[in-house]
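Inside the fold
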Amino acid sequence: MYLSKEVKAEIFAKHGSAATDTGSAEGQIALFTHRIAHLTGHLKKNKKDFSTQLSLQKLVGKRRALLAYLYKKDIGRYRAIIKALALRDIIK
């Protein structure tokens, strides 16, 4: 699998509070961003893979919902995570 335990732990350690803190919004957003980048690369090679396209759209929606939650809960954490992951500010 492209996403091993070590890679996940590294993502959560970098963006969450600890490597075992898998429930933090920042860690989940970072994990979704990593998976979205992987699926985007796959879809560039396989343009007619519609099941992967649907999975990608669902992941983007989940990430957007988490970003909206973080925006409402704590604007500072929201701004920090979009800056760290180089995402666009989607909340207007």
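Scroll up for the structure.
Please read all numbers here as calculations on a predicted model, not as lab measurements.

1. Some points on the overall build of the protein chain
Scanning the protein chain from terminus to terminus reveals four helices and zero strands. The order of helices and strands in the protein chain, counted from the N terminus, is α-α-α-α. Computed over the C-alpha atoms, the radius of gyration of the protein chain is 14 Å, within 12% of the 12 Å expected from 2.2 N^0.38 for a compact globule of 92 residues. In the protein chain, buried positions account for 33% of the 92 residues. Contacts in the protein chain between residues far apart in sequence, at least 24 positions, make up 44% of those at least 6 positions apart.

2. Section: the side chain of H15
Here H15 lies in helix 1 (residues 5-15). Among all residues touching H15, those that are not within four sequence positions of it are E26, G27, A30, I81, A84 and L85.

3. Considering helix 2 (residues 25-45)
In this model helix 2 runs 31 Å from its N-terminal to its C-terminal C-alpha over 21 residues, within 8% of the 30 Å that 1.5 Å per residue would give. Along helix 2, the residues that are buried comprise A25, E26, G27, I29, A30, L31, F32, T33, I36, L39 and L43. In this fold, the buried residues of helix 2 make contact with helix 1, helix 3 (50-73) and helix 4 (75-85).

4. Topic: the packing of helix 2 against helix 3
The N-to-C vectors of helix 2 and helix 3 enclose an angle of 155°; their axes lie 9 Å apart at closest approach. In terms of orientation, helix 2 and helix 3 fall into the roughly antiparallel class. The way helix 2 lies across helix 3 gives a crossing that is left-handed. In contact with A25, E26, Q28, I29, F32, T33, R35, I36, L39, T40, H42 and L43 of helix 2, helix 3 contributes T52, Q53, S55, L56, L59, V60, K62, R63, L66, L67 and L70. Here the residues of the contact of helix 2 with helix 3 are counted per class, giving 12 nonpolar, seven polar and four charged.

5. Points about the nonpolar core
The biggest cluster of nonpolar side chains holds 22 residues, and the ones touching the most others in it are I29, L67 and I81. Every element with two or more residues in this core is listed here: helix 1, helix 2, helix 3 and helix 4. Excluding its chain neighbours within four sequence positions, the residues that come into contact with I81 are H15, E26, I29, L67 and L70.

6. Observations concerning the packing of aromatic side chains
Counted under the stated rule, the structure contains one aromatic pair. Judged by centre distance (5.1 Å) and plane angle (85°), the ring pair of Y71 and Y78 falls under edge-to-face. Given a relative accessible area of 32%, Y71 falls into the partly exposed group.

About the cut-offs
- In this numbering scheme, every chain counts its residues from 1 along its sequence in written order.
- Predicted model: local features are reported for residues with pLDDT of at least 70 only, side-chain atom pairs are reported and counted for 80 or more only, and whole-chain, interface and lining totals are derived from all residues.
- Side-chain metrics in this entry use all non-hydrogen atoms of the structure; hydrogen atoms and water are not considered.
- Here a helix means four or more residues in a row that DSSP labels H or I, a strand means two or more in a row labelled E, and each is numbered from the N terminus.
- Radius of gyration: over C-alpha atoms. The globule rule applied is 2.2 Å multiplied by the number of residues raised to the 0.38 power.
- The buried label applies to any residue whose accessible area, calculated with a 1.4 Å probe on protein chains only, is under 20% of its type's maximum; exposed applies above 50%, and partly exposed to all values in between.
- The contact definition used throughout considers only heavy atoms, calling two residues in contact when any of these lie within 4.5 Å.
- Every helix has an expected span of 1.5 Å times one less than the residues it contains.
- Axis angles are defined between N-to-C directions and span 0 to 180 degrees, where every axis is a line fitted to C-alpha atoms and, for a helix, only to the segment in contact.
- For classification purposes, an angle smaller than 35 degrees is called roughly parallel, one larger than 145 roughly antiparallel, one from 65 to 115 roughly perpendicular, and anything else oblique.
- Handedness of a crossing follows from how the near helix is turned relative to the far one, being left-handed for an anticlockwise turn of less than a right angle and right-handed for a clockwise one.
- Under the grouping applied here, Gly and all other residues not named as nonpolar or charged are polar, the nonpolar ones being Ala, Val, Leu, Ile, Met, Phe, Trp, Tyr, Cys and Pro and the charged ones Asp, Glu, Lys and Arg.
- Residues belong to one nonpolar core when they are buried, are Ala, Val, Leu, Ile, Met, Phe, Trp, Tyr or Cys, and are joined through side-chain atoms within 4.5 Å.
- Pairs were defined over the aromatic rings of Phe, Tyr and Trp, the Trp ring being its six-membered one, requiring ring centres within 6.5 Å. Orientation was assigned from the angle between planes: stacked under 30 degrees, edge-to-face over 60, tilted for the rest.

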